[in-house]
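Report on the structure
Here is what each chain is made of, one letter per residue.
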Amino acid sequence: MPKALTYILLAVLFGLLILIRAYEGNLFYDPYLTFFKNDYLYIDSPRRELAKLVLYTSLRFWLNTLVSLGILYLFFKDLSIVKFSVFFYAVAYIVLILIFLYFVVNPRQEDYYLFFNFRRFLIQPLILLLLLPAFYYYKLNK
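The following paragraphs examine the structure supplied in this document. (Residues numbered from 1 in each chain as written. Predicted model: local features only at pLDDT ≥ 70, side-chain atom pairs only at ≥ 80, totals over all residues. Heavy atoms only, no water.)

**Quick look at the overall build of the chain**
The condition that has to hold: Secondary structure elements follow DSSP: runs of H or I no shorter than four residues count as helices, runs of E no shorter than two count as strands, and numbering proceeds from the N terminus. Whether two residues are in contact is decided by their heavy atoms: any pair within 4.5 Å suffices. For every accessible area listed, the method is Shrake-Rupley and the probe measures 1.4 Å; residues are considered covered only by the protein chains on display. When charges are counted, neither His nor the chain ends are considered; positive counts come from Lys and Arg and negative counts from Asp and Glu. We put the charge of a Lys on NZ, of an Arg on CZ, of an Asp on CG and of a Glu on CD.
The helix and strand inventory of the chain stands at seven helices and zero strands. Mapped from its N terminus to its C terminus, the chain presents α and β elements in the order α-α-α-α-α-α-α. With the C-alpha coordinates of the chain rotated into their principal frame, the extents come out at 50 × 30 × 25 Å. Put simply, of all contacts in the chain between residues at least 6 apart along the chain, 73% involve residues at least 24 apart. Only carbon and sulfur atoms are counted for the fraction: they give 69% of the accessible area of the chain, which is about 8,800 Å². Here the chain holds 14 positive side-chain charges and 8 negative ones, and the gap between their average locations is 13 Å.

**Re unusual backbone geometry**
The phi dihedral of Lys77 is positive, around 50 degrees, even though this residue is not glycine. Topologically, Lys77 is positioned in the loop between α4 (50-76) and α5 (79-105).

**Examining the nonpolar core**
For clarity, the threshold we go by: We call a set of buried residues a nonpolar core when its members are Ala, Val, Leu, Ile, Met, Phe, Trp, Tyr or Cys and they connect through side-chain atoms within 4.5 Å of each other. Partly exposed describes any residue whose relative accessible area lies between the buried limit of under 20% and the exposed limit of over 50%, with all areas from a 1.4 Å probe on protein chains only and scaled to the type maximum.
Ranked by internal contacts, the top residues of the largest apolar core, which has 31 residues, are Ile71, Leu72, Tyr89, Phe100, Leu122, Ile127 and Leu128. With residues near it in sequence (within four places) discarded, Leu72 still touches Lys77, Ser85, Leu128, Leu131, Leu132 and Phe135.

**As for the packing of aromatic side chains**
Here is the rule we go by: Only centres within 6.5 Å qualify two rings of Phe, Tyr or Trp (six-membered ring in Trp) as a pair; their planes then separate them into stacked at under 30 degrees, edge-to-face at over 60, and tilted for everything else. To sit over a ring, a charge needs its Lys NZ or Arg CZ within 6 Å of the ring centre and within 35 degrees of the ring normal.
Applying the stated rule across the entire model yields 12 aromatic pairs. Look at Phe61 and Tyr93: their rings are 5.2 Å apart centre to centre, the planes differ by 40 degrees, and that puts the pair in the tilted class. Pair noted here: Phe61 is in helix α4 and Tyr93 is in helix α5, with a separation of 32 residues, a long-range link. Like Tyr93, Phe61 is buried. Pairing Phe103 with Phe118 gives two aromatic rings, centres 6.1 Å apart and planes at 35 degrees, and the pair type is tilted. Of the two residues, Phe103 is situated in helix α5 and Phe118 in helix α6 (residues 112-123); the sequence distance between them amounts to 15 residues. For Phe103, a relative accessible area of 7% gives the class buried. What links up through ring pairs into an aromatic cluster is the set Phe75, Phe76, Phe84, Phe88 and Phe135. A cation sits over an aromatic face here: Lys52 above Tyr29, 4.7 Å from the ring centre.

Next up, the structure:
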């Protein structure tokens, strides 16, 4: 694949991540978006529909994951890295969604900050920010 095409595809994929973030309020059901924008440490947890919240949070996680896997492939052009990343994302999803569910079902004000940070790993492509330098370092030392 020519380098110019690779750069264009990378720009498109990073643009998709930006669009997912920019239109999160329109695309996904998430009462915690406005909750965490306000002074959340002093107010009660918002009313929510649990099944709908989990569905949309999962959808957002997997959309970010698909785009992130494309970015990883274009960066490294190594299917073994993509396969490992699929496994890593699947395990991360299971662990993070269980923690997320715990915080949603048992809302306590003293846990809001921790909940906020775990939730970020589900709704933002933070795992990509961890994997890119890790795989780059791996490739350098291979």
